[in-house]
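Observations on the model geometry
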Amino acid sequence: MKLIKLDAIDSTNEFLKGLSSNQILENFTVVTAESQTKGKGQMGSVWDSEPSKNLIMSVLIKDFTININLIFDVNIAVSISIIQVLDGLNIPELSIKWPNDIMSYNKKIGGILIENSIKSDGSINSIAGLGLNINQMNFDNLPKASSLALICNTTFDKEEILLKIVEKLEQNIQSWNQKSNSLWNKYTNKLFKIGIPMPFEDQNKQNFMGIIQGVSPIGKLKILLENDSVSEFDIKEIQMLY
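In this report, we go over the structure that sits alongside the text. (Residues numbered from 1 in each chain as written. Predicted model: local features only at pLDDT ≥ 70, side-chain atom pairs only at ≥ 80, totals over all residues. Heavy atoms only, no water.)

As for the overall build of the protein chain
Under the convention used in this document: Numbering goes from the N terminus for both helices and strands, where a helix is a DSSP run of H or I of at least four residues and a strand is a run of E of at least two. Think of it in three bands: with a 1.4 Å probe and only protein chains considered, a residue is buried below 20% of the maximum accessible area for its type, exposed above 50%, and partly exposed in between. Note on charges: Lys and Arg go in the positive column, Asp and Glu in the negative column, and His and the chain ends are not counted at all. Here the site of a charge means atom NZ of a Lys, CZ of an Arg, CG of an Asp or CD of a Glu.
The number of helices and strands found in the protein chain is five helices and 12 strands. Seen through its principal axes, the protein chain has C-alpha atoms that stretch 55 × 45 × 35 Å. Put simply, the protein chain has 242 residues, and 50% of those count as buried. Charge separation in the protein chain, taken as the distance between the mean sites of 23 positive and 27 negative side-chain charges, equals 1 Å.

Thoughts on the sheet that holds strand β2 (residues 30–36)
Heads up, the condition is: Should DSSP find at least two bridges between two strands, the strands are regarded as paired. Here an angle of 0 to 180 degrees is reported between the N-to-C directions of two axes, which are lines fitted to C-alpha atoms, with helices fitted over the stretch in contact. Every residue pair with non-hydrogen atoms within 4.5 Å of one another is taken to be in contact.
With respect to topology, seven strands assemble into an open sheet ordered β1-β2-β3-β7-β6-β5-β4, the strand pairing being mixed. In the strand order of this sheet, the two ends are held by β1 (3–9) and β4 (94–97), each with one partner. The mean inter-strand angle of the sheet, taken between neighbouring strand axes irrespective of direction, is 20°. In terms of strand pairing, β2 meets strand β3 (residues 55–62) through four bridges, oriented antiparallel. Paired with V31 across the strands is S58, a residue of β3. Its contacts with the sheet put helix α1 (residues 12–22) on β1, β2, β3, β6 (107–118) and β7 (124–132), and the angle it makes with β3 is roughly 30°.

Some thoughts on the pairing of strand β10 (residues 221–225)
Regular strands place side chains that alternate from one sheet face to the opposite one. The alternating pattern of β10 places L221, I223 and L225 on a buried face and K222 and L224 on a face that is not buried. Judged from the five bridges that link them, strand β9 (residues 207–215) and β10 form a sheet pairing that is antiparallel. Within β10, the position partnered with I211 by the bridge is L224. Here β9 hands over to β10 after five residues, with G219 in that stretch at a positive phi of 95°.

A few points about the environment of I212
Turning to its location among the elements, I212 is positioned in strand β9. For the pair I212 and W176, spaced 36 residues apart in sequence, the C-alpha separation works out to 25 Å. What I212 contacts, discounting residues up to four positions off in sequence, is L191, F192, K193, I194, G195, F200, L221, K222, I223 and M240.

Things to note about the nonpolar core
Put simply, the test is: What is meant by a nonpolar core is a set of buried Ala, Val, Leu, Ile, Met, Phe, Trp, Tyr and Cys residues, joined one to another through side-chain atoms within 4.5 Å.
The biggest cluster of nonpolar side chains holds 57 residues, and the ones touching the most others in it are L55, I61, V78, L86 and Y187. The element best represented in this core is helix α2 (residues 72–88), accounting for 10 residues. Grouped together as the second largest cluster of nonpolar side chains are 10 residues, I4, L6, V31 and L60 included.

Side note on the packing of aromatic side chains
What counts is decided by this rule: Working definition: rings of Phe, Tyr and Trp (its six-membered ring) pair if their centres are within 6.5 Å, and the pair is stacked with planes under 30 degrees apart, edge-to-face with planes over 60 apart, and tilted otherwise.
In this structure the tally under the stated criterion is six aromatic pairs. Ring geometry for F72 against Y187: centres 5.9 Å apart, planes inclined by 90°, an arrangement best described as edge-to-face. With F72 in helix α2 and Y187 in helix α5 (residues 176–189), the pair connects residues that are 115 residues apart, well separated along the chain. A residue is classified by how much of its surface remains accessible, and Y187, at 0% relative accessible area, is buried. Seen in terms of ring centroids, F208 and F233 are 5.9 Å apart; in terms of plane orientation they differ by 20°. Their pairing is stacked. Placement of the pair is F208 in strand β9 and F233 in strand β11 (residues 230–233), with a sequence separation of 25 residues. Across this residue pair, the class does not change: F208 and F233 are buried.

Observations regarding the layout of surface pockets
The following threshold applies: In this analysis a 1.4 Å probe is tested at points of a 1 Å grid over the protein atoms alone, and where it fits but cannot get out there is a cavity; an open set with protein on both sides within 12 Å along at least five of seven lines is a pocket; lining residues have an atom within 4 Å of a point. Grid points are joined across faces, edges and corners, and a volume is the space filled by probe spheres set on the points. In this classification, the charged set is Asp, Glu, Lys and Arg, the nonpolar set is Ala, Val, Leu, Ile, Met, Phe, Trp, Tyr, Cys and Pro, and all remaining amino acids, among them Gly, are polar.
Here the second largest pocket defines a volume of roughly 230 Å³. The wall of the second largest pocket is formed by 13 residues, among which F72, N75, I218, D234 and I235 lie closest to the centre. Elements with a contribution of two residues or more to the lining of the second largest pocket: α2 and β6. It is β6 that provides the largest number of residues to the lining of the second largest pocket, a total of three residues. Of the residues that constitute the lining of the second largest pocket, the class distribution is six nonpolar, five polar and two charged.

Some points on the side chain of D73
Basically, it comes down to this: Salt-bridge detection follows one rule: a side-chain nitrogen of Lys or Arg within 4 Å of a carboxyl oxygen of Asp or Glu.
Tracing the backbone through its elements, the reader meets D73 in helix α2. Buried D73, no salt bridge; nearest opposite-charge side chain is K222, N-O distance 13 Å. With residues up to four places along the chain from it excluded, the contact list for D73 reads F64, W176 and W184.

Focus on the pattern of salt bridges
What the rule picks out here adds up to seven salt bridges. A salt bridge links E115 to K17, with the shortest nitrogen-to-oxygen separation between them at 3.2 Å. Of this pair, E115 sits in strand β6 while K17 sits in helix α1, placing them 98 residues apart in sequence. In this structure, a network of salt bridges that share partners links the residues E14, K17 and E115.

Shown next as structure tokens:
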């Protein structure tokens, strides 16, 4: 694993994307920063982080799949690797709020942004960015956010967590053919509020009740509706109200 440490950067995803387009990088090259000025979340949202308190990283994943229809497998491998590491640190009540928010209890402690690019030879490179709240204690105006330190009332070693996550990710990807069903099942079982009637809001600001059933092979959220039909929703088509 090649580790590139930066003090400050606009976005570790953008930095790694630029680096990988200009030179051949080894698989699982990691970029980490103490702070970033333009951290990105899903669909252009912003990820804010207090400098030096949290884990800000991006990792290059090459040659995992050549089938664009199976690209959500990357999300599964990344999010479950993080969950497994946090489980090992005894972080309580972990779940994944579809598609890529890491939760403890009802609080968001991390967010994942995966950006995929298809090369001219058909191969797919993925850059998985992670913002994980570790030692930050103040979340003014962010009532749904928390950190490992707040939840567990202790401080953590950011670099140790980074190394464990990348190690676990390598293991899961290298054994994907043997583990894929098991990891998909883990992801499904860890879905935030799965099987519980919850209110949602659609793109038209209309509220409805539904029960999360799981995720489709291409990453759409499957929700059982009040008329007993199951509909699939893409990212940002719906929002869970909780």
